[in-house]
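One letter stands for each residue in the lines below.
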Amino acid sequence: MKVTFNKIAQEENEYAVINAYDRSSSIDTAIGLLENGEQIISGFRDDERIPLRLSQIYYFEAVDDKCFAYTKDSCLEIKSRLYEIEQSLDFRFFRCSKSMICNIRKIKSVKAESNARMRAELLNGEIVVISRSYVKELKKKLGL
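Quick caveat, the model's predicted, so the values are computed rather than measured.

Caption draft 1: Geometry of the overall build of the protein. Within the protein, the regular secondary structure consists of three helices and ten strands. For the protein, the succession of helices and strands along the chain, N to C, is α-β-β-β-β-β-α-β-β-β-β-β-α. The principal-axis extents of the C-alpha atoms in the protein amount to approximately 55 × 40 × 25 Å. In the protein, of all internal contacts separated by at least 6 residues, the share reaching a separation of at least 24 is 38%. For the protein, the computed accessible surface area is about 10,400 Å², with 46% contributed by carbon and sulfur atoms. Across the protein, the mean location of the 24 positive side-chain charges is 8 Å away from that of the 22 negative side-chain charges.

Take a look at the structure:
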């Protein structure tokens, strides 16, 4: 997609125009970012609330009835269920197993495994297994 930036005088009102054939989820995300800024999710560590931008999050995981968000170098508890988080996420995230949602933009490489599963290496070096029932969605999102 071609992007053009035009600088205007400071006294003029800022505005954005998007020209597209169809309104897709990526267009909706761009509109949301322009109108509201990036979505923030609150994470908790030792009862301290820490705001997280979605772009910081590598994956969400449910473990023992608790949900956690993993960033490059930390893990924070999220006070929501995984399915509730999934409903609020945009096209950058996909369900990769029953207990995990992964950020597609944080995937460094993927490799096929036995039993029709896939293994994804994330930018922070962690390995995530994509269950066979979610491999098709991953391939679609990656254009494979």
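Caption draft 2: Structural detail: the packing of aromatic side chains. A full pass over the atoms with the stated rule returns two aromatic pairs. For the pair Tyr-59 and Tyr-70, a centre-to-centre distance of 4.4 Å together with 15° between the ring planes defines the contact as stacked. Of the two residues, Tyr-59 is situated in strand 3 (residues 59-63) and Tyr-70 in strand 4 (residues 66-70); the sequence distance between them amounts to eleven residues. For the pair formed by Tyr-59 and Tyr-70, the shared burial category is buried. A ring pair is formed by Phe-60 and Phe-93, whose centres lie 5.8 Å apart and whose planes are at 50°; its orientation type is tilted.

Caption draft 3: View of unusual backbone geometry. Located in the positive-phi region is Asp-47, a residue other than glycine, with phi close to 65°. By the secondary structure assignment, Asp-47 is in the loop between strand 1 (40-45) and strand 2 (48-53). Positive phi, close to 60°, is recorded for Asn-115, a residue that is not glycine. Here Asn-115 shows up in the loop between strand 8 (107-112) and strand 9 (118-122). The exposure class assigned to Asn-115 is exposed, which follows from its relative accessible area of 55%.

The rules behind each value
- In every chain, residue numbers begin from 1 and rise along the written sequence.
- For a predicted model such as this one, the threshold for reporting local features is a pLDDT of at least 70, and the threshold for listing and counting side-chain atom pairs is 80 or more; totals across whole chains, interfaces and linings nevertheless cover every residue.
- Computation of side-chain values covers all heavy atoms of the structure but excludes hydrogens and water.
- For helices the rule is a DSSP run of H or I covering at least 4 residues; for strands it is a run of E covering at least 2, with both sets numbered from the N terminus onward.
- In this description, contact between two residues means that some pair of their heavy atoms is separated by no more than 4.5 Å.
- Per-residue and other accessible areas were derived by the Shrake-Rupley procedure at a 1.4 Å probe size, with only the shown protein chains allowed to occlude residues.
- Counting rule for charge: Lys and Arg are taken as positive, Asp and Glu as negative, and neither His nor the chain ends is counted.
- Here the site of a charge means NZ on Lys, CZ on Arg, CG on Asp, or CD on Glu.
- Each Phe, Tyr or Trp ring (for Trp, its six-membered ring) is paired with any other whose centre lies within 6.5 Å, and the angle between the two planes then decides the class: stacked below 30 degrees, edge-to-face above 60, tilted in between.
- Type-normalised accessible area, obtained with a 1.4 Å probe on protein chains alone, sets the label of each residue: buried when under 20%, exposed when over 50%, and partly exposed for intermediate values.

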